[in-house]
Amino acid sequence: MRNKGAIIGAILIIGIGIFVFVSMIDTLHNLDDQISAYYKDSGMADVFAEVEGIPSAELQRMTDIPGIRAAGGHMSRDLRILGEGQETIVTVHLMSYDPGDKINRITLTDLSGEDLDAGNTADDDIFLGNRMTGSYHYPAGTELSLLKDGHAMRFFCRGICSSPDYIYSIPHGGAMVPDGEVYDIAVISKKRMERLLGKNDCLNELGFLLEEGYDYDDVRHQLRERLTPYGLSSICERDDQASANMVAGEMVELVSTGTILPIIFMAISVFMLYVVLKKMIDRDRTLIGTMKAFGMTDRELLCAYLVEGGVIGIAGAMLGCAAAGIFGRVMFNMYVDFFTLPDPVYHDFIVSRLQALAISLGTAVLAVFLGVREILKITPATAMRQEEPKTGRNIRIPERLGRHLRMQTRIGLRSMGRNPFRGFLIILAVVFAFSMTSSMLSFMPQFEEVLHSQFEQIQVYDLQLTLDRFVTPGQAEDAAEHFSCPAEAICQTAVALRHDNLTDYTVLYGLPPNSELYHIRDNGGKIYEPPYNSLILNKRTAENLHISEGDWVELSSTGLTNGFVRIRVAAVISELLGRNCYLSLDSFPEVLHSDPSVNTILIKTGAEDKAGSLKSLMKTSRVSWIVDTDKIVGAYRSMINSMIYMVDMFALLSVVAGGILIYNISMISLKERYTEIGTLRVLGMTHRELGSMLLTEKMIYFVLGVLLGFPASYGINRLLEILIISDSFDLRLHIGRPTYLLTILICFVMTMCAWYAEQRLVRRIELTETLKARE
Amino acid sequence: MKPLLQAEHITKDYQLGEVTVHALKDVSFEIYEKELIVILGPSGSGKSTTLNILGGIETVTSGSVIYGSLKLNKADPQKLTAYRREHIGFIFQFYNLLPGLTALENIALSAELSNHPLDPGKLLEEVGLADRRDHFPNRLSGGEQQRIAIARALCKNPDLLLCDEPTGALDSRTGVQVLKLLEGFCRSYEKTVVLITHNRDIARIADRVFYFKDGRLEKIETNPDPKKPDEIMW
């Protein structure tokens with residue numbers, strides 16, 4: 001096999017491109033298909049509403065509204081759950097289960113994953129969400145208690161539950177990452193739920209299916225009007241439902257990364273394959289001439305090369321597809337860790353593999369065609385003669401500078417000038433490796449910055465206790481005195497914001513003036529005081545509502561306001577994480593027309609006292625759940641580590657692809673200069689001097705590559721920021737000096753490896769052979 | 001005359017797949033200082049192999065080649081590089097000028113490699129190309145390129161000038177010009193020149209002619225009356 005190294009390099013490069021393409025596309029398809037199928041099979045609602053309570057019969061009457069096909073709902077409530085092995089307050093979002101449910105149908109399985117039908121469940125069975133089951137591993141029959149108003153009710157763990165509207169389940173005010181140790185969904189029978197809550201047939205979590213041809217805007221006004229008497233607190237379409245929104249956001253990110261990264265890798269693969277095949281065919285010029293002289297037609301010659309290109313394409317596609325099968329599963333499992341799907345199974349999609357094969361083959365065939373067409377045009381006699389040396393442009397080195405340069409340096413500079421395409425290829429390889437690697441490596445510092453900003457400069461408390469009801473600040477402060485450490489009472493509650501025809505749901509933070517445990521801080525580091533009589537709004541929410549500073553917005557919150565109240569927007573701020581709004585607690589009477597009410601206590605325990613505080617809190621009955629800042633940070637880190645695995649993988653692929661490119665192009669270029677190098681050796685130039693000449697060239701390419709790599713990295717980061725849009729965080733990738741230094745070091749090592757390989761090749765050059773050829 | 005270089009019973013075998021090619025079979029000769037030697041023979045006779053061995057870019061299979069105190073057959077690659085650098089000038093059929101260097105720089109390259117070089121500018125004048133000093137090889141004719149290659153080889157001030165078919169790619173008029181330069185170098189600088197050709201007419205300028213056939217040195221003829229290049233025609 002001729003050009004073994006170059007061919008292997010081309011196969012590897014195209015394999016990497018195919019690998020990224022297939023693994024991302026397959027992960028996306030698997031998730032999308034299974035989530036869509038789950039939504040369809042379980043009757044995922046098109047419209048969601050929360051009310052204080054509505055009887056089933058009243059709810060069914062909503063189908064009178066034109067466009068509403070079906071209505072359904074659950075009884076639900078957040079309650080503490082007690083079980084063995086718990087070291088902190090654990091909360092479940094408890095939902096009722098009715099076998100007759102048609103909308104947002106809950107799936108129940110036993111602990112081994114086998115489906116259970118309604119007839120098989122007992123009255124005191126409780127089913128925990130997948131994540132909590134995974135965290136505690138309760139065996140079947142384990143006794144678990146639900147706490148309500150200080151009373152414990154006994155249940156027995158029976159199995160696992162999943163619900164389409166809780167694929168991604170996180171508590172209000174907690175981490176954006178699900179953590180089964182402290183929060184998940186749980187399901188009991190409707191009958192038992194009614195007894196537990198002391199309410200009969202009182203549904204509060206509602207879902208509606210729409211008739212075909214109708215959308216949310218067609219029904220929302222009437223629905224809102226009809227549900228208001230039942231204490232409507234929120235209403236939204238599927239896209240805005242918390243879980244669906246998070247899932248859709250993740251999918252959008254996956255589509256973005258699954259598109260842009262494969263495009264970059266495939267583009268570089270296509271280019272590399274073209275270069276390798278073109279150079280390979282150029283070297284076969286004499287052979288082509290001979291074959292033509294023997295009577296071989298252009299078509300036959302083209303076919304012969306197409307077969308060669310095709311083999312490379314197929315080999316690259318096979319390699320990429322094989323690796324993608326493994327990595328795709330890892331990525332899928334990573335997402336399934338965050339999404340609760342009833343029976344997640346990874347499938348290898350034949351379509352994506354066929355697409356990959358088509359891309360790979362198409363690339364190879366195009367590269368062969370472009371490479372061979374010039375040679376096929378020339379006559380056999382011309383082809384059999386050695387090619388005339390290329391008359392490239394020589395660099396004129398200013399005499400003053402030239403005097404200070406060694407001959408090797410001048411030869412190196414002139415060689416670069418004579419064949420700028422060679423240099424361009426190596427520079428391109430360095431730019432690719434540098435920009436992709438630095439961009440990928442910039443994710444981790446960004447995450448660290450988010451964590452540092454959020455948990456050391458904004459949320460500076462250690463524990464957040466969410467009370468089971470609103471109390472006055474005085475009552476909360478009395479309770480906080482128990483901890484003998486800094487504590488503050490705040491209001492943290494879900495609110496609906498309305499501006500013109502737009503509605504958005506967010507979390508309102510009612511903060512005391514000069515709050516020491518929660519700072520309102522924008523991305524620029526500016527600290528804001530909670531405004532009196534007006535609202536500070538997160539930029540993402542403001543954009544959703546088309547609001548700017550000075551506008552008025554309507555705000556509504558169950559238990560806090562009586563319908564919508566008007567409030568002015570004092571400032572719109574950019575935050576890295578979340579999309580909250582802020583108001584001074586003192587202005588509640590004037591703005592919300594309610595007494596200052598709090599439902600959350602923030603405590604700064606310090607590391608030593610935290611365990612003791614948590615232990616004492618286990619005995620309280622008024623705390624619905626506890627958010628431990630360290631746990632949130634831990635959950636974020638755990639999520640980040642999974643993501644970083646993927647990002648690191650791409651960084652590694654960029655390094656490998658860049659390394660292969662630099663090595664291969666260097667080798668191809670050097671082989672084109674056999675005669676020149678051979679002549680220098682015959683003239684008596686030592687290996688050291690030749691090495692120094694090649695090093696000069698390499699270093700110039702390296703420096704140029706790195707210099708061009710800076711704007712390229714910037715461009716890739718901006719592109720990723722545009723593509724990875726999220727409602728819950730701001731992606732602001734910037735590459736720090738350590739990342740740049742690391743990337744420069746990586747590119748330098750790759751360049752030096754290529755140089756080392758060149759030197760080895762120089763030593764192997766047959767001097768007698770090179771002298772027979774014309775440069 | 002004092003021998004500059006001695007070759008004793010040298011053989012050179014190549015392995016081509018399963019076939020062993022005997023390129024040189026028991027060849028012995030001596031080369032003296034200030035001599036102009038022409039090696040004559042058909043293709044495959046072993047003349048290029050001999051030249052490459054003399055130049056230290058090829059090793060012998062057996063026998064010895066001695067240059068002063070240096071045994072080329074026992075020298076390591078570093079010593080052979082130093083030998084080529086300090087003592088040998090090469091002229092190739094296809095000139096092998098470095099395309100990235102100007103005419104003058106190509107010559108000066110040799111000067112940088114040598115411990116006792118000649119003046120590159122003066123040599124450029126001697127080969128009649130002073131006005132082409134800043135031209136790159138691709139802007140020079142074949143004859144001009146070969147004259148630059150000769151100047152490059154001479155610039156090192158080598159003890160032994162090895163020329164592999166230096167007129168092979170040139171027309172007869174340009175070929176004569178090239179031979180005049182080589183002969184002039186041999187006579188005026190008192191250096192040894194070994195020249196390969198398959199052209200019998202060129203052999204008339206030599207002091208001695210080595211006849212190669214089938215890897216053997218068939219005979220060595222001494223020319224009692226070497227001709228000037230101007231006097232020969234082909």
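One can find the structure itself at the top, above this paragraph.
Residues numbered from 1 in each chain as written. Chains lettered and ligands numbered in written order. Predicted model: local features only at pLDDT ≥ 70, side-chain atom pairs only at ≥ 80, totals over all residues. Heavy atoms only, no water.

### Notes on a nonpolar patch on the surface
A surface patch of nonpolar side chains, amounting to about 330 Å² of accessible area, comprises Leu742, Leu745, Phe748 and Val749 of chain A. Mapping Leu742 of chain A onto the fold places it in helix α22 (residues 737-764). (Patch = residues over 30% accessible without salt bridge, like charges linked within 9 Å, V, L, I, M, F, W, Y side chains within 5 Å. Areas by Shrake-Rupley, 256 points an atom, 1.4 Å probe, with all protein chains shown as cover. Salt bridge = Lys/Arg side-chain N within 4 Å of Asp/Glu carboxyl O. Helix = DSSP H or I, 4+ residues; strand = E, 2+ residues; numbered from the N terminus.)

### Describing helix α18 (residues 607-617) of chain A
Residues and elements named next belong to chain A. Buried residues of α18: Lys610, Ser613, Leu614 and Leu617, and no others. Projected onto a plane normal to the axis of α18, the buried residues spread over an arc of 100° and lie on a single side. In α18, the exposed residues that point more than 90 degrees away from the buried face are Glu608, Ala611 and Lys615. (Buried < 20%, exposed > 50% of the residue type's maximum accessible area, 1.4 Å probe, protein only. Arc of directions from axis to C-beta.)

### A word on helix α15 (residues 473-480) of chain A
Residues and elements named next belong to chain A. For α15, the full list of buried residues reads Pro473, Ala476 and Ala480. In a view along the axis of α15, the buried residues occupy a sector of 65°, so they form one face of it. Next to the buried residues of α15 lie β12 (463-471), β13 (487-499) and β21 (598-603). (Contact = heavy atoms within 4.5 Å.)

### Let's talk about the sheet that holds strand β6 (residues 88-91) of chain B
Residue and element names in this part refer to chain B. Across the sheet, six strands lie side by side as β6-β7-β8-β3-β9-β10; this open sheet has mixed pairing. With partners counted over all chains shown, the strands left at the sheet margins are β6 and β10 (216-222), one partner each. Each neighbouring strand pair of the sheet contributes to a mean axis angle of 20°, computed without reference to strand direction. Two strands pair when backbone bridges link them, and β6 and strand β7 (residues 160-164) are joined in this way by four bridges, in the parallel orientation. Along β7, the bridge assignment pairs Gly89 with Leu161. Where helix α2 (residues 77-87) meets the sheet, it contacts β6 and β7, and its direction lies at approximately 80° from that of β6. (Pairing = 2+ DSSP bridges. Axes fitted to C-alpha atoms, helices over the stretch in contact; angles between N-to-C directions.)

### Details of the packing of aromatic side chains
All names here are of chain A. Evaluated as defined, the whole model comprises 16 aromatic pairs over all chains. Between Phe19 and Phe327 the ring centres are 5.3 Å apart and the planes differ by 45°, which places this aromatic pair in the tilted class. Separated by 308 residues along the polypeptide, Phe19 in helix α1 (residues 4-41) and Phe327 in helix α8 (residues 298-338) bring together distant segments of the chain. For Phe19, a relative accessible area of 6% translates into the label buried. On the basis of an interplanar angle of 10° and a centroid distance of 5.8 Å, the ring pair of Phe434 and Tyr740 is categorised as stacked. With Phe434 in helix α13 (residues 420-441) and Tyr740 in helix α22, the pair connects residues that are 306 residues apart, well separated along the chain. (Phe/Tyr/Trp six-rings, centres within 6.5 Å; stacked < 30°, edge-to-face > 60°.)

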